[in-house]
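Residue-level listing of the chains:
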Amino acid sequence: KDHRVSGVLVQLEAELSDGQLTTAVTLQDAVITALRAALKAMEDERGVQDEDHLLEAARFARKMQAEQEKLRDETRNADLSQPDSADALSQRQREIHQRLSDFDAPVADAAQAEPLLDRAQAAAREAEADLFEADRQSALRQQDDVIESLSQLADALEQSAAEGQDAQPSEQ
């Protein structure tokens, strides 16, 4: 298509320099139509990629939510009076916190996403400290907050992706 547009542009230039305005106007319309079609195709492709990125981020948030739920269950049943147990749980909580901190969520595309991610990260950091101090109740509260924040984050990302899909047909 690019070669056709550039060929039409060359022809348009020739027609203009020969004074063939009627032909030049027709060619101009063809160029504009071709460029609009190319722009539409690029916008559609970008929309699909954005939706895929949002859904991928939502899947990651759900996966992290499941990992946090598993760690919360282990925290409930652990003997935190044993230093090795508290340290192991604290280390696993640190890994969750690190993965959330490294998470490249498309937060700009989902209005509520950024504060939810920030809340999950902060709660994971606090849960890690609580586990290090063997404070089960506080750790469990923080872990619940991580789980809830990740659930809401995944919902927000999925909703943004669905809204993007709904908007595409109306643009056509």
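Conventions and cut-offs
- Residues numbered from 1 in each chain as written.
- Predicted model: local features only at pLDDT ≥ 70, side-chain atom pairs only at ≥ 80, totals over all residues.
- Heavy atoms only, no water.
- Helix = DSSP H or I, 4+ residues; strand = E, 2+ residues; numbered from the N terminus.
- Contact = heavy atoms within 4.5 Å.
- Buried < 20%, exposed > 50% of the residue type's maximum accessible area, 1.4 Å probe, protein only.
- Expected span 1.5 Å × (residues − 1).
- Arc of directions from axis to C-beta.
- Salt bridge = Lys/Arg side-chain N within 4 Å of Asp/Glu carboxyl O.
- Phe/Tyr/Trp six-rings, centres within 6.5 Å; stacked < 30°, edge-to-face > 60°.

What follows covers the side chain of Ser-151. Looking at where Ser-151 falls in the secondary structure, it is placed in helix 5 (residues 136–171). Ignoring any residue separated from it by four or fewer positions in sequence, one finds Ser-151 in contact with Arg-62 and Gln-65.

Right, let's get into unusual backbone geometry. Of note, Ala-134 is a non-glycine position whose phi angle comes to about 60°, a positive value. For Ala-134, the position within the fold is in the loop between helix 4 (113–132) and helix 5. Relative accessible area serves as the criterion here: at 33%, Ala-134 is assigned to the partly exposed category.

Our focus in this paragraph is helix 4. The end-to-end C-alpha distance of helix 4, which contains 20 residues, comes to 29 Å, matching closely the 28 Å that a straight helix rising 1.5 Å per residue would cover. Buried within helix 4 are the following residues: Ala-113, Leu-116, Leu-117, Ala-120, Gln-121, Ala-123, Ala-124, Ala-127, Glu-128, Asp-130 and Leu-131. Once helix 4 ends, the next one or two residues include Ala-134, with phi positive near 60°.

Time to look at helix 3 (residues 83–102). Across its 20 residues, helix 3 extends 28 Å between first and last C-alpha, which sits within 8% of the 28 Å expected from 1.5 Å per residue. Residues of helix 3 that are buried include every one of Ala-86, Leu-89, Ser-90, Gln-93, Ile-96, His-97 and Leu-100, and no others. Each buried residue of helix 3 lies within a common arc of 120° when the element is viewed along its axis, so the set occupies one face. The exposed residues of helix 3 that point more than 90 degrees off its buried face are Pro-83, Asp-84 and Asp-102.

Turning next to the side chain of His-97. Considering the arrangement of structural elements, one finds His-97 in helix 3. When near neighbours in sequence (up to four residues on either side) are disregarded, His-97 contacts Gln-121, Ala-124, Arg-125 and Glu-128.

What follows concerns the pattern of salt bridges. Scanning the model with the defined rule gives nine salt bridges in all. Across the pair Asp-155 and Arg-62 runs a salt bridge, and its minimum N-O distance is 2.4 Å. Of this pair, Asp-155 sits in helix 5 while Arg-62 sits in helix 2 (residues 21–77), and the two are 93 residues apart along the sequence. For Arg-62, a relative accessible area of 28% puts it in the partly exposed group. Where Asp-73 meets Arg-76, a salt bridge forms, and the shortest distance between an N and an O atom there is 3.2 Å. Here Asp-73 pairs with Arg-76, and both are found in helix 2, just three residues apart, close to one helical turn. Classification of Asp-73 as partly exposed rests on a relative accessible area of 36%. Via salt bridges that share partners, Arg-72, Asp-73, Arg-76 and Asp-144 belong to a single interconnected network.

Centre distance and the angle of the planes are the two values used to describe a pair of aromatic rings. Taken as a whole and assessed by the stated rule, the structure comprises one aromatic pair. Taken together, a centroid distance of 4.4 Å and an interplanar angle of 35° make the contact between Phe-60 and Phe-103 tilted. With Phe-60 in helix 2 and Phe-103 in the loop between helix 3 and helix 4, this pair connects stretches of sequence that are 43 residues apart.

Turning to the environment of Glu-13, a few remarks are in order. Here Glu-13 is to be found in helix 1 (residues 2–17). In the structure, Glu-13 is positioned 14 residues away from Leu-27 in sequence and 9.6 Å away in space, judged by C-alpha atoms.

By the secondary structure assignment, Glu-74 is in helix 2. For Glu-74, a relative accessible area of 28% translates into the label partly exposed. Each C-alpha atom, one on Glu-74 and one on Leu-89, is 8.1 Å from the other, the two residues being 15 residues apart in sequence. Those residues in contact with Glu-74 that sit more than four places away from it in its chain are Leu-89 and Arg-92.

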